[in-house]
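# Coordinates in review
One-letter residues, chain by chain:
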Amino acid sequence: MSLIKIRKKLLNVESIYHEGGPARTEPIKMASLAVVLRNPYAGRYVEDLSQLVKDATELAKMLVPELLAAVGGADKVQAYGKGAIVGLNGELEHGAIWHEAGGWSMRAELPQAKSIVPAAKVVASAGTRLQIPLHHIEACYVRSHFSTLDVGTIDGPRPDELLYALVVSTGGRVHERLGGLRADKISVGDGQR
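Basis of the calculations
Residues numbered from 1 in each chain as written. Predicted model: local features only at pLDDT ≥ 70, side-chain atom pairs only at ≥ 80, totals over all residues. Heavy atoms only, no water. Salt bridge = Lys/Arg side-chain N within 4 Å of Asp/Glu carboxyl O. Helix = DSSP H or I, 4+ residues; strand = E, 2+ residues; numbered from the N terminus. Buried < 20%, exposed > 50% of the residue type's maximum accessible area, 1.4 Å probe, protein only. Expected span 1.5 Å × (residues − 1). Contact = heavy atoms within 4.5 Å. Bend = angle between axes of the 7 residues up to and from the residue.

An unreviewed UniProt entry annotates the chain as Protein of uncharacterized function (DUF1185) originating from Bordetella ansorpii.

Have a look at this one:
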């Protein structure tokens, strides 16, 4: 991981019991794990980004077990997502590196995962908060699991940094009740339905 220089790592776990309706006895846990690291390509155009893709993939493989442990293990995860904030001296493509690196690494640890890992990315200044979308790991059309998790830090990313984040949830929205495809009705096995 020669290009990876981490300044800080942020682990956040939310336990959601209710949003004004009946309280759950076991909360839904939503967790994010983000890293703020130096952007080796900040301030310059580099045609070949493959070395950072490779190194970021190794980084993600180290992060995923910690994230899954924060919610009780891989067997608890029902929804996921990923995101990137690129500091102002970088370009959006530096955030897009996380699509493959973060997404595939997370799916590799979740054997039942078939659905694409939804993503958000932006070029922005320090203190920007990113709403990272989540959806069901087996079928992206399971409406009950459409949600977001807020990720960011007040001092990053600095102009020459990146913030890469992975998010998971142990369930859908705490009071979901709007219908659509139910998780127990997933049947096609194509990652969509």
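Once the structure has been displayed, the description carries forward.
### Some remarks on the pattern of salt bridges
Pairing between side chains of opposite charge can happen when the charged atoms of each approach one another. Scanning the entire structure with this criterion turns up eight salt bridges. Across the pair K61 and E58 runs a salt bridge whose closest N-O atoms are separated by 3.8 Å. With K61 and E58 both in helix α1 (residues 50-70) and three residues apart, the pair spans about one turn of that helix. On the accessibility criterion, K61 (49% relative accessible area) is partly exposed. Classification of E58 by relative accessible area gives partly exposed; the value is 37%. Between E176 and R182 there is a salt bridge; the shortest N-O distance is 2.7 Å. Residue E176 is classed as partly exposed on the basis of its relative accessible area, which comes to 22%. Three or more residues joined by partner-sharing salt bridges are found here, namely R7, K8, D155, R158 and E161.

### Looking at helix α2 (residues 92-108)
Helix length check: α2 (17 residues) gives 25 Å between terminal C-alpha atoms against 24 Å at 1.5 Å per residue, within 8%. Of all the positions in α2, only H94, G95, A96, I97, W98, A101, G102, G103, S105 and M106 are classed as buried. Residues of α2 that are buried sit in contact with α1, β3 (79-86), β4 (119-123) and β7 (161-169).

### What to know about α1
In an α-helix there are 3.6 residues to a turn, and that puts residues three or four apart on one side. Helix length check: α1 (21 residues) gives 30 Å between terminal C-alpha atoms against 30 Å at 1.5 Å per residue, within 8%. For α1, the principal kink sits at L63 and spans about 25°; a proline, P65, occurs within the next four residues. Here α1 has its buried residues at L52, V53, D55, A56, T57, L59, A60, L63, V64, L67 and L68. In this structure, the buried residues of α1 make contact with β1 (6-16), β2 (28-38), α2 and β7. Just past α1, the residue G72 takes up positive phi, approximately 100°.

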